Amino acid sequence: MSVETISVIGLGYIGLPTAAMFASRKKKVIGVDVNQHAVDTINQGKIHIVEPDLDMIVHAAVSEGYLKAVLKPEPADAFLIAVPTPFLPCDEGDVPEPDLSYIKSACEGIAPVLKKGDLVILESTSPVGATEQVAAWLAEARTDLTFPQVAGENADVNVAHCPERVLPGHVVRELVENDRVIGGMSSRCSERSVELYKTFVQGDCVITNARTAEMAKLTENSCRDVQIAFANELSVICDKLDINVWELISLANRHPRINILQPGPGVGGHCIAVDPWFIVSKTPEQAQLIHTARKVNDAKPEWVIDKVKLAIADFLQANPTKTAKDVTIACYGLAFKPDIDDLRESPALSITKRIAEMHSGTVVAVEPNIETLPLSLGHIELVTTEFAFSNANIQVMLVDHKQFKESQPQQGLLIDSKGIW
Ligand SMILES: NC(=O)c1ccc[n+]([C@@H]2O[C@H](COP(=O)([O-])OP(=O)(O)OC[C@H]3O[C@@H](n4cnc5c(N)ncnc54)[C@H](O)[C@@H]3O)[C@@H](O)[C@H]2O)c1
């Protein structure tokens, strides 16, 4: 059963580049998104996200007729689901549970157009068991078709989990070069998925089962989270002991088998700050270290905010004629990591917001990768690096964007959570 038409459900940071890669290999691609703006933008041959080189590929794919975007699923031979998998809101201190409602709604969308011979691949990062849940939802909606949980190798519709591990900012290259983990619900599901990805993937496509594939992705991100937590904990310890953590780490990393990551203001983004919770919520008794790492990283923004409070007090002590209203604070960087525009789950954004809420003076933000500030930041002004350098009394480095590494403020108290000044 050859795959001629591919439908990608969810045209965001993962789905759109994936759709564009298939289209660039002259496959007919139907992209589906519930966001009208995204659909309209893509159909004009443009992109609604920031990702180097993607605009050219999407433009070529749309103008040559290989890619179109729609609001509602249409029949296709393969469906790739790349919708968000956040966690559900919960009380502070509780373990968040994964929110599978976007996946469920994607399944409800594709179920009516599914046919015998189709392949459904869940690409969204998912808790263990989600792929089986996808197959169960589809089977419930389409009792006329058989699925691998019952029909195994002979199923009418094949289902697999193939998690995505690309790095934002390098997605176009990594989609092609990275190895892929392919977790089919049966051997046939895996083989068909490998064949599909081999349309453009040059890395190895390594076959496993769906549950292991789900856990593999969660493991990768939990491993990063634990390692960052180690660095963040060191930074707090070193601060207490009056040791320069950056120097300490560079010394320790001279050991041939040590590679400590860099500390920062916390951990953000759609993935590393979220995915470990999918393990913790499933196995709370067993996931002790992973849970602690989450707590260490989630506590770091508050630690930075405490540093800002201390800096305000120090400034006022050194300038007794001034009040807090006279103190200007500049926050450098809002994205969740360097050199991207993605503000999701960003500790820099939450720190800036909290500073603005608690501080009665002026707060400005410098974020070279965006043109307007999110409404959640209220009255904060977006300013240039030069303006902030020469006007702020307290300079708070939050994200080591390349623009910030070129120079450093000549005035004000520095709180450098990234160790670049
Ligand atoms: N961004 C990354 O770097 C990255 C890396 C690896 C894995 N992932 C995973 O990939 C998945 C997608 O992430 P993303 O960053 O592309 O998210 P995103 O928010 O950028 O894009 C998701 C898109 O899905 C659309 N959508 C939501 N519900 C839909 C539905 N029912 N039907 C059609 N479209 C729908 C949204 O409008 C949005 O455009 C997540 O599970 C994420 O954890 C992301």
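As the structure is a computational prediction, the values presented were derived from the model and not from experiment.

Draft legend 1. Region of interest: the pairing of strand β1 (residues 5-9). Counted residue by residue, β1 has five buried out of five residues, so it is predominantly covered. Where burial is concerned, the two faces of β1 agree: the one with T5, S7 and I9 and the one with I6 and V8 are both buried. Across five bridges, the pairing between β1 and strand β2 (residues 28-32) is parallel. Across the sheet, the residue bridging to T5 is K28, located in β2. Where the polypeptide runs from β1 across helix α1 (residues 15-24) and back to β2, its parallel neighbour, the crossover connection is right-handed. Where β1 lies against strand β4 (residues 78-81), four bridges are found, and the strand directions are parallel. Bridge pairing in β4 places I6 opposite A78.

Draft legend 2. Region of the structure containing the layout of surface pockets. When its volume is computed, the second largest pocket comes out at roughly 840 Å³. Mapped onto the lining of the second largest pocket, the elements with two or more residues apiece are α12 (288-318) and α13 (347-358). Taken together, the residues that form the lining of the second largest pocket break down as twelve nonpolar, five polar and eleven charged. Summarising the domain contributions, the lining of the second largest pocket has at least three residues from each of domain 1 (5-203) and domain 2 (226-416).

Draft legend 3. Molecular detail of helix α11 (residues 275-282). Within α11, seven of the eight residues are buried, which leaves the element mostly enclosed by the surrounding structure. Among the residues making up α11, those that are buried are D275, P276, W277, F278, I279, V280 and S281. Along its buried surface, α11 packs onto α9 (210-241) and α12.

Draft legend 4. View of the packing of aromatic side chains. Applying the stated criterion across every chain, the model contains six aromatic pairs. Ring geometry for F22 and Y197: centres 6.5 Å apart, planes at 45°, overall tilted. Of this pair, F22 sits in helix α1 while Y197 is found in helix α8 (residues 187-197), placing the two residues 175 residues apart along the sequence. In this structure, F22 and Y197 share a single accessibility class: buried.

Draft legend 5. Broad picture of the domain arrangement of the protein. In terms of domain boundaries, the protein breaks down into domain 1 (5-203) and domain 2 (226-416). For domain 1 versus domain 2, the separation of C-alpha centres amounts to 34 Å. Contact between domain 1 and domain 2 buries roughly 1,400 Å² in total, counting both sides, with carbon and sulfur atoms accounting for 67%. When the area that domain 1 buries against domain 2 is broken down by residue, the three leading residues are Y13, F87 and V95, summing to 34%. Where domain 1 meets domain 2, there are zero salt bridges. Joining domain 1 to domain 2, the criterion identifies two residue pairs in polar contact (both at pLDDT 80 or more). In terms of residue class, the side of domain 1 that touches domain 2 is made up of twelve nonpolar, three polar and one charged.

Draft legend 6. Region of the structure containing the side chain of S222. Relative to the assigned elements, S222 resides in helix α9. Using a relative accessible area of 4% as the deciding quantity, one classes S222 as buried. Separated by 2.7 Å, the side chain of S222 and the backbone oxygen of L218 make a polar contact. Those residues in contact with S222 that lie beyond four places of it in its chain are P276, I279 and I290.

Draft legend 7. View of the site of the ligand. Around the ligand there are 26 residues in total, and I14, D33, T85, S105 and T125 lie nearest to it. At 3.4 Å, a backbone N or O of V83 approaches an oxygen atom of the ligand. Contact distances for the ligand include 2.6 Å between an oxygen atom and a side-chain N or O atom of T85. Of the residues forming the shell around the ligand, the biggest block, three residues, is contributed by helix α4 (residues 101-110). Here the residues of the shell around the ligand sort into 14 nonpolar, eight polar and four charged. Split by domain, the residues of the shell around the ligand number at least three in each of domain 1 (5-203) and domain 2 (226-416).

Draft legend 8. The arrangement of the sheet that holds strand β12 (residues 394-397) in detail. Within the open sheet, the five strands sit side by side as β11-β10-β9-β12-β13. Their pairing is parallel. Two strands lie at the open edges of the sheet, namely β11 (381-382) and β13 (413-416), each paired on one side alone. Both strand β9 (residues 329-332) and strand β10 (residues 363-366) contribute to a ladder of four bridges, which runs parallel. When the sheet's bridge partners are listed, C331 is paired in β10 with A365. Sheet strands in contact with α12 are β9, β12 and β13, and its direction is about 170° off that of β13.

Thresholds, definitions, all that
Residues numbered from 1 in each chain as written. Predicted model: local features only at pLDDT ≥ 70, side-chain atom pairs only at ≥ 80, totals over all residues. Heavy atoms only, no water. Buried < 20%, exposed > 50% of the residue type's maximum accessible area, 1.4 Å probe, protein only. Helix = DSSP H or I, 4+ residues; strand = E, 2+ residues; numbered from the N terminus. Pairing = 2+ DSSP bridges. Right-handed = clockwise from strand over helix to strand, strands pointing away. 1 Å grid on protein atoms, 1.4 Å probe; cavity = no way out; pocket = protein on both sides within 12 Å on 5 of 7 lines; lining within 4 Å. Points joined across faces, edges and corners; volume = space filled by probe spheres on them. Nonpolar A, V, L, I, M, F, W, Y, C, P; charged D, E, K, R; others polar. Domains from an automatic or database assignment. Contact = heavy atoms within 4.5 Å. Phe/Tyr/Trp six-rings, centres within 6.5 Å; stacked < 30°, edge-to-face > 60°. Buried area = accessible area lost by both parts, 1.4 Å probe. Salt bridge = Lys/Arg side-chain N within 4 Å of Asp/Glu carboxyl O. Polar contact = N/O pair within 3.5 Å; in protein donor to acceptor, adjacent residues only side chain to side chain. Near = heavy atom within 4 Å. Axes fitted to C-alpha atoms, helices over the stretch in contact; angles between N-to-C directions.

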